[in-house]
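Fold and contact review
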Amino acid sequence: MSRATVELDFFGMEKANSSKSQFQKFIDRRRSIRGIQGAISKMNPELIKSVISSGSTNRTPVDWRKSFSVPSSPKEDRSSPVPSLPILNPALRSNSSDDGTETAPLTIFYNGTVSVFNVSRDKAESIFKLAVEGSSKNVESADSSKVANPSSDQQNLLESRNGDLPIARRKSLQRFLEKRKERLTCVSPYAW
Amino acid sequence: MEERRTAPFNTGMPDAVLKCVLPYLDGPRDRASISLVCRRWYELDSASRKHITIAFCYTTTADRLGRRFPAVESLKVKGKPRAAMYDLIPDDWGGYVRPWVQEVAANLDRLRWLHFRRMIVRDSDLEVLARSRGGVLRALKLDKCSGFSTDGLFHIGSMCRELRTLCLEESSIVELDGQWLHEIAMNNSILETLNFYRTDLVQVSFEDLERIARNCCNLTSVKISNCEILDLVGFFRAAAVLEEFCGGSFNNEQSDRYNAVTFPPKLCRLGLGSHRMPSVFPFASLLNKLDLLYALLDTEDHCLLIQRCPNLEILETRTVIGDRGLEVLAQSCKKLKRLRIERGSGNVSVSHRGLTVLAQGCLALEYLAVYVSDITNASLESIGTYSKNLCDFRLALLDREETITDFPLDNGVRALLRGCEKLRRLALYLRPGVLTDVGLGYIGRYSPNVRWMFLGYVGSSDTGLFEFSKGCPSLQKLEMMGCCFSERALAHAALQLPSLRYLWVQGYQTSSQSSDDLLAMARPCRNIELIPARRVITTDQVEEAVVLEHPAQILAYCSLAGPRTDFPETVISLDPVL
């Protein structure tokens, strides 16, 4: 036989729930980290800024559901727990204070840019919650669709599909549109 | 008495009579039925079947084909899943033509027409084909194929002198030179169809095209890549019976020079990459097919052109046509049969407004594929009411608008399915919440004749898929994206759907617990393959890395050939652990 079946235990067929293989744990960890990163990277930057700025002006949380739609990531599995996110805010953890009003730098890597904000612990936690909720949005919308609720839930029901893949275009057409864009930018005398 | 007991099943019809009747029955379903009657009829069918389509190359093997249908004259084999056209399948996924070419070369003496779609072709395969069947091959179509270069085509050009049709549309070909076309120009005088549209072959010389036009007096269809139109004046003059032309580019600054270009008199199928169409106006009324996918027209240009084309039957364009263009289409083109509106990159969009008007105006519509920014139940109902000839309906909802006017679309989809009784193919690419589980159940219940479906982001839970799989009696091929369904539900559906023989899913609820869920659909003669989630890094036009997270894919299909043996690293076969 030129190629035997590869025994990758993706579905944990041979092992019980508790004793996951190293590889399976690796996959899970990668998936959950990637998921969180993925969710944060897809958040609207205005949303992030507004949440943070509303924290510094007044304490009432912005009802982000009404004003923005957070993209969902359809493939996230429900069972991934909220991780401690060491990647995002090492500074904040070391600065823990009881009253929560002390601000500390929160560094966000988004879309190739780095932003640093000084936020209180409470605000930072609500941002993290948003990110996790953004990644598990799909679970919620499945439940909320059962409730016959009009316009206020419209935004929730109609999540855009930007989870993992943008709506695909045929390769040949994509190439044509890219070439046309190139040509148009080249034509302009001010194109660099 | 004795004879009747021992003789084989006797239909009372001598072979000679059956052999006279069989040539008139060439539809694949009729032939399949004939072959099931009795062994004798099976043998007669095998000996006389002229055309075979292998809908998926891994369902059987090339030598089985050769053993059963040694006299086959026309063969079409398809490889990679349709998603390959949208860059969702690894390039080296598979679908190699080699075993098929080897069978053709060794055993299929009567083969004259060969068509490979979405497969991997090597130069050596083309050489083998040219050497073995070059003397008799009449048509070769390498449609959306990849893996070969112009050197392979050189063999075809130099040895296949009986070729009437050469089609390379949308294939990825490594271009080394333009010699292949020169070979055709020097050796072939009977070419009727030449097609290298949507390829990147640019080193072809227009003199060779002109030579072909002069030598081949039956040249009726030529579709090329980007050759400057002003260089083709001689070609157009020589191609006296040309009916179809697509391609070419309009790069010259002095645009009035294009007014001097005269097109052949019988031209009725046209596709130009131009931003101006006045040179087309004089014969626009003759046009029955128009390809504006690569044209640079805006909405107004569309309207001006379309209203001059009363005989238009086929139109392909981008969303720039807008709702207004659809209104003009509905008023002017009453014979319209096929309309495809691809997603453009501008701000103009098509919506339910345009679709409603279109359905009411173009009653002959058989094929409708459209990307919309907004859709309503009422517009889908109109399609159900008016488009009684619709066989193929494909709708994709763009992300442009945050909300759509009217959802869920359950009732509209039901009305469409109940109204369009001839529907055979259906695609709905929506968003979560737009089609609920109830709507998905409607699709199951009201699509008795649909053989192929593509469903994206439909339903909201496994219940929807359970309901769906209670129906769809004719569904043979199912493709799904962005599902919220669990592996258990998918396996259940695969077992329930009575006609299903091919299932492709990307994006589903992978189970994190130990389960044999997916393997529940395992059966003898059924292969299950998995492409795990992967990260694809490409560069966009500004040389920035674009990272795309591709969710896992499942491909399950019936096969007589057993599991594949030519997997790349990205594909995993799920064999049940017995």
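Here the structure is a predicted model, which means the values were calculated and not measured.

Observations regarding the overall build of chain A
Helix and strand counts for chain A stand at eight helices and two strands. Its helices and strands taken in sequence order, chain A reads α-α-α-α-β-β-α-α-α-α from the N to the C terminus. The buried share of chain A, reckoned over its 192 residues, is 41%. Put simply, of all contacts in chain A between residues at least 6 apart along the chain, 54% involve residues at least 24 apart. Roughly 11600 Å² of accessible area belongs to chain A as shown, and the carbon and sulfur atoms make up 55% of that amount.

Describing the side chain of R31(B)
All names here are of chain B. Structurally, R31 can be placed in helix α3 (residues 28-35). A distance of 3.0 Å separates polar atoms of two side chains, one belonging to R31 and the other to S48. Not counting residues up to four positions away in its chain, the partners in contact with R31 are L22, P23, L25, D26, D45, S48 and R49.

Points about the packing of helix α9 (residues 179-187) of chain B against helix α10 (residues 206-215) of chain B
Residues and elements named next belong to chain B. The interhelical angle for the contact between α9 and α10, taken along N-to-C directions, is 25°, at an axis separation of 9 Å. Classed by the angle they form, the pair α9 and α10 counts as roughly parallel. As for the relative orientation of α9 and α10, their crossing is left-handed in sense. Two secondary-structure elements touch here, α9 through L181, H182, I184, A185 and M186 and α10 through D208, L209, R211, I212 and N215. Along the lines of polarity and charge, the residues of the contact of α9 with α10 split into six nonpolar, two polar and two charged.

Regarding the pattern of salt bridges
Scanning the model with the defined rule gives 37 salt bridges over all chains in all. Between E170(B) and R170(A) there is a salt bridge whose closest N-O contact spans 3.3 Å. Of this pair, E170(B) sits in the loop between β6 (165-167) and β7 (172-174) while R170(A) is found in the loop between α7 (151-157) and α8 (171-187), placing the two residues in two different chains. The exposure classification of E170(B) matches that of R170(A), with both residues buried. Because the salt bridges share partners, they merge into one network encompassing R170(A), E169(B), E170(B), R198(B), K223(B), E243(B), E244(B), R269(B), K289(B) and D291(B).

Remarks on the environment of L435(B)
Structurally, the position occupied by L435(B) is in the loop between β17 (425-429) and α17 (437-445). When the C-alpha atoms of L435(B) and G412(B) are compared, they prove to be 9.9 Å apart, with 23 residues separating the residues in sequence.

Focus on the confidence of the model for chain A
Here chain A shows a mean pLDDT of 55. Residues at 70 or above account for 24%. A low-confidence stretch, residues 137-160 of chain A stays under pLDDT 50, and its non-local contacts, those more than four residues away or across chains, total 47 contacts.

Focus on the confidence of the model for chain B
Chain-level pLDDT for chain B is 91 on average; 96% of the residues reach the 70-or-more range. Here residues 1-6 of chain B is modelled with pLDDT under 50, and outside its nearest four sequence neighbours on either side it reaches zero contacts, counting other chains as well.

Quick word on the state of the cysteines
Residues and elements named next belong to chain B. Throughout the structure, instances matching the rule amount to zero disulfides over all chains. Cysteine C362 shares no disulfide, and the gap to the nearest cysteine sulfur, in C333, comes to 6.5 Å. Unpaired in terms of disulfides, C525 finds its nearest cysteine sulfur in C558, a separation of 7.9 Å. On the basis of relative accessible area, C525 is assigned to the partly exposed category, the value being 48%.

Quick word on unusual backbone geometry
All names here are of chain B. A cis geometry characterises the amide bond from F407 onward to P408, with omega recorded as 0°. By the secondary structure assignment, P408 is in the loop between β16 (392-397) and α16 (410-419). For R118, which is not glycine, the phi torsion reads 55° and is therefore positive. With respect to the helices, strands and loops of the structure, R118 is situated in the loop between β3 (113-117) and α7 (123-133).

Criteria and cut-off values
Residues numbered from 1 in each chain as written. Chains lettered and ligands numbered in written order. Predicted model: local features only at pLDDT ≥ 70, side-chain atom pairs only at ≥ 80, totals over all residues. Heavy atoms only, no water. Helix = DSSP H or I, 4+ residues; strand = E, 2+ residues; numbered from the N terminus. Buried < 20%, exposed > 50% of the residue type's maximum accessible area, 1.4 Å probe, protein only. Contact = heavy atoms within 4.5 Å. Areas by Shrake-Rupley, 256 points an atom, 1.4 Å probe, with all protein chains shown as cover. Polar contact = N/O pair within 3.5 Å; in protein donor to acceptor, adjacent residues only side chain to side chain. Axes fitted to C-alpha atoms, helices over the stretch in contact; angles between N-to-C directions. Parallel < 35°, antiparallel > 145°, perpendicular 65-115°, else oblique. Left-handed = near helix turned anticlockwise from the far one by under 90°. Nonpolar A, V, L, I, M, F, W, Y, C, P; charged D, E, K, R; others polar. Salt bridge = Lys/Arg side-chain N within 4 Å of Asp/Glu carboxyl O. pLDDT = per-residue confidence, 0-100. Disulfide = S-S within 2.5 Å.

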